[in-house]
Amino acid sequence: MSAITWMSGAIAVRRASGQDAKRLTRLVRRSRAYEGPYAAMVAGYRVGPDYIESHRVFVAVDTSDPAGRVLGFYALVLAPPELDLLFVSDEAQGRGIGRLLVGHMKSEAHMAGVDRVRVVSHPPAEGFYRGLGAQTVGTVAANPPAVMWDRPELEFLIP
């Protein structure tokens, strides 16, 4: 079991392990944020053990649940610095878990010596990132057939 790195009430953030891969994949594929026109992007998406082991992937878990239910996760890539994934389960949204994960990500980036972290946002999530201090720096053009829409490009400055 990975060590707990942050706690907030009954929510703990810990390093993900390869054993979390199926749960993280399900969280991505079931996200309501990717319904309708966005569904094709995550239909076959997989967060594999190899990805988890090669990147800084952290999960927010419910410590009041004996099974340690995963409420959300993020992946920080360091070269180049990018928040590659950030998902909060639909039923856990609005509880501050995304904010907790972004705060944790900023701490990890700081400890790694990174001064900024890029985010290519899912369009409906742009306001969330901006609300947490990310600045818009551009737009990433659509890349069919994988991504059929332009996406906002933002960055967090890491003090």
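Remember, predicted model here, so these are calculated numbers, not experimental data.

(A) Just the overall build of the protein chain, in detail. Helices and strands together make up the secondary structure of the protein chain, namely five helices and eight strands. Scanning the protein chain from its N terminus toward the C terminus, one meets helices and strands in the order β-β-α-α-α-β-β-β-α-β-α-β-β. On C-alpha atoms alone, the protein chain measures out to a radius of gyration of 15 Å, which is about the 15 Å that the 2.2 N^0.38 rule sets for 159 residues. Along the first, second and third principal axes, the C-alpha set of the protein chain runs to 40 × 35 × 30 Å. Per-residue burial for the protein chain yields a buried fraction of 45% across its 159 residues. Total accessible area computed for the protein chain in this model is approximately 8,300 Å², and 52% of it derives from carbon and sulfur atoms.

(B) Geometry of the pattern of salt bridges. In total, this model carries eleven salt bridges according to the counting rule given. For Arg-116, the salt bridge goes to Asp-115, with nearest N and O atoms at 3.7 Å. The exposure class of Arg-116 is partly exposed, given its relative accessible area of 37%. The network of salt bridges with shared partners includes Asp-62, Asp-65, Arg-69 and Glu-91.

(C) Fine view of the layout of surface pockets. Its volume calculated, the largest pocket comes out at about 800 Å³. Counting only elements with at least two residues in the lining of the largest pocket, the list comes to helix 2 (39-42), strand 5 (81-88), helix 4 (97-111), strand 6 (116-120) and helix 5 (126-131). Element by element, the count of residues in the lining of the largest pocket is highest for strand 5, at seven residues. A class-by-class count of the residues in the lining of the largest pocket yields 21 nonpolar, seven polar and five charged. Its boundaries defined by the atoms lining it, the second largest pocket holds a volume of some 250 Å³. Per element, the largest residue contribution to the lining of the second largest pocket is three residues, and it comes from helix 1 (residues 21-29). Along the lines of polarity and charge, the residues of the lining of the second largest pocket split into three nonpolar, two polar and six charged.

(D) Seen up close, the environment of Leu-76. With respect to the element layout, Leu-76 can be found in strand 4 (residues 70-78). Given the relative accessible area of 2%, Leu-76 is considered buried. Counting along the chain gives 19 residues from Leu-76 to Val-57, while the straight-line C-alpha distance between them is 6.4 Å. The residues contacting Leu-76, other than those within four sequence positions of it, are His-55, Arg-56, Glu-82, Met-105, Glu-108, Ala-109 and Val-117.

(E) The arrangement of helix 1 in detail. Residues Ala-21, Leu-24, Thr-25, Leu-27 and Val-28 constitute the buried set of helix 1. Viewed along the axis of helix 1, the buried residues span an arc of 160 degrees, placing them on a single side of the element. Contacts from the buried residues of helix 1 go to helix 2, helix 3 (49-54), strand 3 (56-62), strand 4 and strand 5.

(F) Region of interest: helix 4. The terminal C-alpha atoms of helix 4 lie 21 Å apart, and with 15 residues this matches the ideal 21 Å at 1.5 Å per residue to within 8%. All of the buried residues in helix 4 are Ile-97, Gly-98, Leu-100, Leu-101, Val-102, His-104, Met-105, Glu-108 and Ala-109. Positive backbone phi, approximately 85 degrees, marks Gly-113, located one or two places after helix 4.

About the criteria used
- Throughout, a residue's number is its position along its own chain's written sequence, starting from 1.
- The predicted nature of this model means local features are confined to residues of pLDDT at least 70 and side-chain atom pairs, given and counted, to a pLDDT of 80 or more, with totals for whole chains, interfaces and linings taken over all residues.
- Each side-chain value is worked out from all heavy atoms of the structure, with water and hydrogens disregarded.
- Secondary structure elements follow DSSP: runs of H or I of four or more residues count as helices, runs of E of two or more count as strands, with numbering from the N terminus.
- With the radius of gyration taken over C-alpha atoms, the globule rule is written as 2.2 Å times the number of residues to the power 0.38.
- Burial classes follow relative accessibility: with a 1.4 Å probe on protein chains only, a residue under 20% of its type's maximum area counts as buried, one over 50% as exposed, and anything between as partly exposed.
- Reported accessibility uses the Shrake-Rupley method at a 1.4 Å probe radius. Residues are deemed covered only where the shown protein chains occlude them.
- We define a salt bridge as a side-chain nitrogen of Lys or Arg found within 4 Å of a carboxyl oxygen belonging to Asp or Glu.
- Of the grid points, spaced at 1 Å and generated over the protein atoms alone, those admitting a 1.4 Å probe that cannot get out make up cavities, while open sets with protein on both sides within 12 Å along at least five of seven lines make up pockets; any residue with an atom within 4 Å of a point is treated as lining.
- Grid points are joined across faces, edges and corners, and a volume is the space filled by probe spheres set on the points.
- Residues were grouped as follows: Ala, Val, Leu, Ile, Met, Phe, Trp, Tyr, Cys and Pro as nonpolar; Asp, Glu, Lys and Arg as charged; and all remaining residues, including Gly, as polar.
- In what follows, a contact means two residues having at least one pair of non-hydrogen atoms within 4.5 Å.
- The arc in question is formed by the directions pointing from the helix axis toward the C-beta atoms.
- Multiplying 1.5 Å by the residue count of a helix minus one yields the expected span of that helix.

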